[in-house]
Amino acid sequence: MNKLFRNKVGNWLLGLLVVTIVLPFIASYFDWSTLTKVTFVYFFLNGGFALAFGYAIRKRGFRFYYVFVQPLVFALLSNWLFSLVNDTYGYYLVFLYLVLTFFTYLANTSDDPDENELPVDGGYRDI
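Residues numbered from 1 in each chain as written. Predicted model: local features only at pLDDT ≥ 70, side-chain atom pairs only at ≥ 80, totals over all residues. Heavy atoms only, no water.

Engineer: Can you help me understand the packing of helix α3 (residues 34-60) against helix α5 (residues 87-105) in this one?
Structural biologist: Each pair of packed helices can be summarised by the angle the axes make with each other and by the distance between the axes. Contact pair α3 / α5: the axes reach a minimum separation of 7 Å and the direction vectors enclose 30°. When the axes of α3 and α5 are compared, the pair comes out roughly parallel. In this structure, α3 crosses over α5, and the sense of that crossing is right-handed. Residues Thr34, Val38, Tyr42, Phe43, Asn46, Gly47, Ala50, Leu51, Gly54, Tyr55, Ile57 and Arg58 of α3 touch α5, and the partners they reach there are Tyr89, Leu93, Leu96, Tyr97, Leu100, Thr101, Phe103, Thr104 and Tyr105. Considering only residue class, the contact of α3 with α5 consists of 14 nonpolar, 6 polar and 1 charged. (Axes fitted to C-alpha atoms, helices over the stretch in contact; angles between N-to-C directions. Helix = DSSP H or I, 4+ residues; strand = E, 2+ residues; numbered from the N terminus. Parallel < 35°, antiparallel > 145°, perpendicular 65-115°, else oblique. Left-handed = near helix turned anticlockwise from the far one by under 90°. Contact = heavy atoms within 4.5 Å. Nonpolar A, V, L, I, M, F, W, Y, C, P; charged D, E, K, R; others polar.)

Printed below as a string of structure tokens:
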């Protein structure tokens, strides 16, 4: 468990729970209008988190399957189990988060730490 928090996965997962469960619960508890919830909470905050999370997955070298964590948690907990999001557009938001996370995960990799390493596909023949 300590290793999980050492490489910052735990901090991102905690932020994921706040963004995908706590914020929709607060929006439903205070009975915000649908337009406010969709625009502010689901598009800006959750969408921004999806972009940042995809970048962090690539930059910090997390496993690839973390790309599916936010959409899956949002779909299962906020949309299906707790019904904090209207089913009419809840699953479309899940698809949006998946696309945004993939977008930043597959984006420009020129600043990755392993970009300047030597390729070893065929081995070191000349050494």
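So much for the structure itself; the text now carries on.
Engineer: What am I meant to see in the environment of Trp12 here?
Structural biologist: With respect to the element layout, Trp12 can be found in helix α2 (residues 9-29). Residues Trp12 and Ala56, 44 residues apart in the sequence, show an inter-C-alpha distance of 8.6 Å.

Engineer: Even after reading the chapter, I still don't get the nonpolar core, so can you show me in this structure?
Structural biologist: Side chains of a nonpolar character, in soluble globular proteins, are inclined to be buried together. In terms of nonpolar packing, the biggest core is built from 13 residues, with Leu16, Phe53, Ile57, Tyr66 and Val69 touching the most fellow members. When residues of this core are assigned to their parent elements, the largest contribution, 4 residues, is made by α2. Contact partners of Val69, with chain neighbours within four places excluded, come to Leu13, Leu16 and Phe53. Counting residues in each nonpolar core, the second largest holds 12 residues, with Ala27, Tyr42, Ala50 and Leu100 among its members. (Core = buried A, V, L, I, M, F, W, Y, C linked by side-chain atoms within 4.5 Å. Buried < 20%, exposed > 50% of the residue type's maximum accessible area, 1.4 Å probe, protein only.)

Engineer: Teacher, can you tell me more about the packing of aromatic side chains here?
Structural biologist: Think of a pair of aromatic rings as described by two things: how far the centres are apart, and how the planes are tilted against each other in angle. All chains considered together, the criterion is met by 13 aromatic pairs. Summarising the aromatic geometry, the rings of Phe64 and Phe68 are spaced 5.8 Å apart at their centres and angled 85° between planes, so their arrangement reads as edge-to-face. (Phe/Tyr/Trp six-rings, centres within 6.5 Å; stacked < 30°, edge-to-face > 60°.)

Engineer: Mind showing me how you'd approach a nonpolar patch on the surface here?
Structural biologist: Together, Val18, Val22, Phe25, Ile26, Tyr29, Phe30, Trp32, Phe40, Phe43, Phe44 and Leu45 line one region of the surface with nonpolar side chains, adding up to about 1100 Å² of accessible area. Of all the secondary-structure elements, those providing two or more residues to the nonpolar patch are α2 and α3. Looking at the nonpolar patch, the element that brings in the most residues is α2, giving 5 residues. (Patch = residues over 30% accessible without salt bridge, like charges linked within 9 Å, V, L, I, M, F, W, Y side chains within 5 Å. Areas by Shrake-Rupley, 256 points an atom, 1.4 Å probe, with all protein chains shown as cover. Salt bridge = Lys/Arg side-chain N within 4 Å of Asp/Glu carboxyl O.)

Engineer: Whenever I open this one, helix α4 (residues 69-81) confuses me. Can you help?
Structural biologist: Each full turn of the α-helix corresponds to 3.6 residues, which orients residues three or four apart in the same direction. Along its length, α4 reaches its greatest deviation from straightness, about 25°, at Ala75. Restricting attention to buried positions, one finds in α4 the residues Val69, Gln70, Pro71, Val73, Phe74, Ala75, Ser78 and Asn79. Packed against the buried residues of α4 are α2, α3 and α5. Just downstream of α4 lies Ser83, where phi reads positive at about 55°. (Bend = angle between axes of the 7 residues up to and from the residue.)

Engineer: Would you explain the packing of α3 against α4 in this entry?
Structural biologist: Running from amino to carboxyl end, α3 crosses α4 at an angle of 145°, the nearest separation of the two axes being 10 Å. Only Val69, Gln70 and Phe74 of α4 make contact with α3, whose side of the interface consists of Tyr42, Asn46, Phe49, Ala50 and Phe53. For the contact of α3 with α4, the residue count by class is 6 nonpolar, 2 polar and no charged.

Engineer: Hey, could you run me through the environment of Phe25 in this one?
Structural biologist: Structurally, Phe25 can be placed in helix α2. With a relative accessible area of 46%, Phe25 lands in the partly exposed category. Each C-alpha atom, one on Phe25 and one on Ser78, is 8.2 Å from the other, the two residues being 53 residues apart in sequence.

Engineer: Help me understand α2, please; the structure alone is not making it clear to me.
Structural biologist: When the terminal C-alpha atoms of α2 are compared, their 29 Å separation across 21 residues agrees well with the 30 Å that a helix rising 1.5 Å per residue should span. Roughly 30° is the biggest bend found in α2, and it falls at Val22, with proline Pro24 one to four residues downstream. Three or more residues of α2 are buried, namely Val9, Gly10, Leu16, Val19, Thr20, Ile21, Pro24 and Ala27. Just downstream of α2 lies Asp31, where phi reads positive at about 55°. (Expected span 1.5 Å × (residues − 1).)

Nothing here speaks to function; it is geometry throughout.
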